[in-house]
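Chain by chain, the residues:
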Amino acid sequence: MSNLRDLDYQEQLREEIVTFLYDVGAIRLGNFTLSSGNHSSFYIDLRMLQSYPLYFRKTISLLKTVILLGVGIDNFDYICSIPTSGTIFGSSLAYELFKPHIYVRKDPKTYGTQKKIEGNLVPGSRVLFIEDVVTTGNSLLSAVKSIADCTTHNRVVAIIDRKQGATEKFQEYNVFVDSVISIVRAIEILRNNNRISHEDYNTIKREMTKI
Ligand SMILES: O=P(O)(O)OC[C@H]1O[C@H](OP(=O)(O)OP(=O)(O)O)[C@H](O)[C@@H]1O
Ligand SMILES: O=C(O)c1cc(=O)[nH]c(=O)[nH]1
């Protein structure tokens, strides 16, 4: 927490996390089908971070910084994770920040409680959504809509926004999307550290407006 306003330290963390993700195969180049059905030449698998405590903690630390400085601890009542990957990060953040946690299932449970919203959400609450990767923003939007009737002044913090249209989509719903690592910066880091070629760098950059 002593490094909260130290931008150089945060940039160093970003660089460490991004190169680490590439080195363990959590950022990959290839042919991938995305959750939206779209195709992509790269994939960011942040679920891998749960298996690496040091880098998981570095990521949580960056998320905390963005939340404390960009959102403000008193400006939200709940943390809501987007399953399943978002819950890895959202539940840890809620614990660290001493905030109540909920998550919104993609589909309601078909047995037991048959719930879609897990946890106890008090109507009228201000919710901070935590997502790992935002691409089209559809997964997030579905969760935002599911609890729209009982929430107000919602915010989103993602780890990586792939910059493929989600920010614009959320403006319409008056929801502001922040991210901890910009995809533009991530590919710059990978290029500067000789992880990807200039050609791959350009291919990824072109995708940001293509999908
Ligand atoms: O912005 P979008 O176009 O919706 O794509 C991003 C979503 O896709 C991934 O989830 P996925 O559907 O793979 O599910 P998972 O978290 O259960 O792995 C990711 O964790 C986001 O939730
Ligand atoms: O759009 C997706 O489904 C997606 C893209 C990505 O890079 N990483 C991920 O977990 N999901």
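Everything discussed here concerns the structure shown above.
To start, this report covers the structure provided alongside it. Computed from a predicted structure; not experimentally measured.

1. Some points on the site of ligand 2
For step 1, the next point in the chain: Around ligand 2, a shell composed of Leu34, Ser35, Tyr43, Ile44, Arg47, Val133, Thr135 and Arg162 is seen.
For step 2, the next point in the chain: The contact in question runs from an oxygen atom of ligand 2 to an N or O atom on the side chain of Thr135, over 2.7 Å.
For step 3, the next point in the chain: When ligand 2 sits alone it has 290 Å² of accessible area, and the protein chains cover 92% of it.
For step 4, the next point in the chain: Placement of ligand 2 is best described as lying within the largest pocket.
For step 5, the next point in the chain: Split into classes, the residues belonging to the shell around ligand 2 amount to four nonpolar, two polar and two charged.

2. Some remarks on helix α3 (residues 85-97)
For step 1, the next point in the chain: Here α3 contains 13 residues, and its C-alpha end-to-end distance of 19 Å stays within 8% of the 18 Å for a straight helix at 1.5 Å per residue.
For step 2, the next point in the chain: Of the positions making up α3, those classed as buried are Ser85, Gly86, Thr87, Ile88, Phe89, Gly90, Leu93, Ala94 and Leu97.
For step 3, the next point in the chain: Tucked inside the fold, the buried residues of α3 contact α2 (53-71), β3 (78-81), β4 (101-104), β6 (125-134) and β7 (151-161).
For step 4, the next point in the chain: Phe98 sits one or two positions beyond α3 and adopts a positive phi of about 60°.

3. What to know about the packing of aromatic side chains
For step 1, the next point in the chain: The tally for this structure, following the rule as stated, stands at four aromatic pairs.
For step 2, the next point in the chain: Ring centres of Phe20 and Tyr52 lie 4.9 Å apart, and the angle between their planes is 80°; this geometry places the pair in the edge-to-face category. Remark: Tyr52 occurs in the loop between β2 (39-44) and α2 and Phe20 occurs in helix α1 (residues 7-23); sequence separation between them is 32 residues.
For step 3, the next point in the chain: A residue is classified by how much of its surface remains accessible, and Tyr52, at 30% relative accessible area, is partly exposed.
For step 4, the next point in the chain: Arranged with centres 5.6 Å apart and planes meeting at 35°, the rings of Phe56 and Phe89 form a pair that is tilted. Of the two residues, Phe56 is situated in helix α2 and Phe89 in helix α3; the sequence distance between them amounts to 33 residues. This pair shows no difference in class: Phe56 is buried, exactly as Phe89 is.
For step 5, the next point in the chain: The structure contains a cluster of three or more aromatic residues connected by ring pairs, namely Phe20, Tyr52 and Tyr55.
For step 6, the next point in the chain: Geometry around Tyr55 places Lys58 over its ring, the cationic atom sitting 5.4 Å from the centre.
For step 7, the next point in the chain: In this structure, Lys99 packs its charged tip against the face of Phe76, placed 4.5 Å from the ring centre.

4. Structural notes on the site of ligand 1
For step 1, the next point in the chain: Around ligand 1, the surrounding shell holds 15 residues, and the nearest of these are Thr84, Ser85, Asp132, Thr136 and Ser139.
For step 2, the next point in the chain: Measuring from an oxygen atom of ligand 1, one finds a backbone N or O atom of Thr135 at 2.8 Å.
For step 3, the next point in the chain: One of the backbone N or O atoms of Gly137 is found 2.7 Å from an oxygen atom in ligand 1.
For step 4, the next point in the chain: In the complex, the protein chains occlude 85% of the 500 Å² of accessible area that ligand 1 would expose alone.
For step 5, the next point in the chain: Every element with two or more residues in the shell around ligand 1 is listed here: β6 and α4 (138-146).
For step 6, the next point in the chain: Looking at the shell around ligand 1 element by element, the count peaks at four residues for β6.
For step 7, the next point in the chain: Its residues placed into classes, the shell around ligand 1 shows three nonpolar, eight polar and four charged.

5. A word on the environment of Phe89
For step 1, the next point in the chain: Relative accessible area serves as the criterion here: at 0%, Phe89 is assigned to the buried category.
For step 2, the next point in the chain: Apart from residues lying up to four places away in sequence, Phe89 is in contact with Leu46, Leu49, Phe56, Thr59, Ile60, Leu63, Ile130, Asp132 and Ile159.

6. A short note on the pairing of β7
For step 1, the next point in the chain: Most of β7 is tucked away, with eight of its eleven residues classed as buried.
For step 2, the next point in the chain: As defined by bridge partners, β6 adjoins β7 across eight bridges and the pair is classed as parallel. When the sheet's bridge partners are listed, Ile130 is paired in β7 with Val157.
For step 3, the next point in the chain: Handedness of the β-α-β unit built from β6, α4 and β7 comes out right-handed.
For step 4, the next point in the chain: Relative to strand β8 (residues 176-182), β7 is paired through six bridges, and the arrangement is parallel.

Conventions used here
Residues numbered from 1 in each chain as written. Chains lettered and ligands numbered in written order. Predicted model: local features only at pLDDT ≥ 70, side-chain atom pairs only at ≥ 80, totals over all residues. Heavy atoms only, no water. Near = heavy atom within 4 Å. Polar contact = N/O pair within 3.5 Å; in protein donor to acceptor, adjacent residues only side chain to side chain. Areas by Shrake-Rupley, 256 points an atom, 1.4 Å probe, with all protein chains shown as cover. 1 Å grid on protein atoms, 1.4 Å probe; cavity = no way out; pocket = protein on both sides within 12 Å on 5 of 7 lines; lining within 4 Å. Sits in = over half its atoms within 2 Å of the grid points. Nonpolar A, V, L, I, M, F, W, Y, C, P; charged D, E, K, R; others polar. Helix = DSSP H or I, 4+ residues; strand = E, 2+ residues; numbered from the N terminus. Expected span 1.5 Å × (residues − 1). Buried < 20%, exposed > 50% of the residue type's maximum accessible area, 1.4 Å probe, protein only. Contact = heavy atoms within 4.5 Å. Phe/Tyr/Trp six-rings, centres within 6.5 Å; stacked < 30°, edge-to-face > 60°. Lys NZ or Arg CZ within 6 Å of the ring centre and 35° of its normal. Pairing = 2+ DSSP bridges. Right-handed = clockwise from strand over helix to strand, strands pointing away.

None of the figures reported here should be taken as evidence of function without further support.
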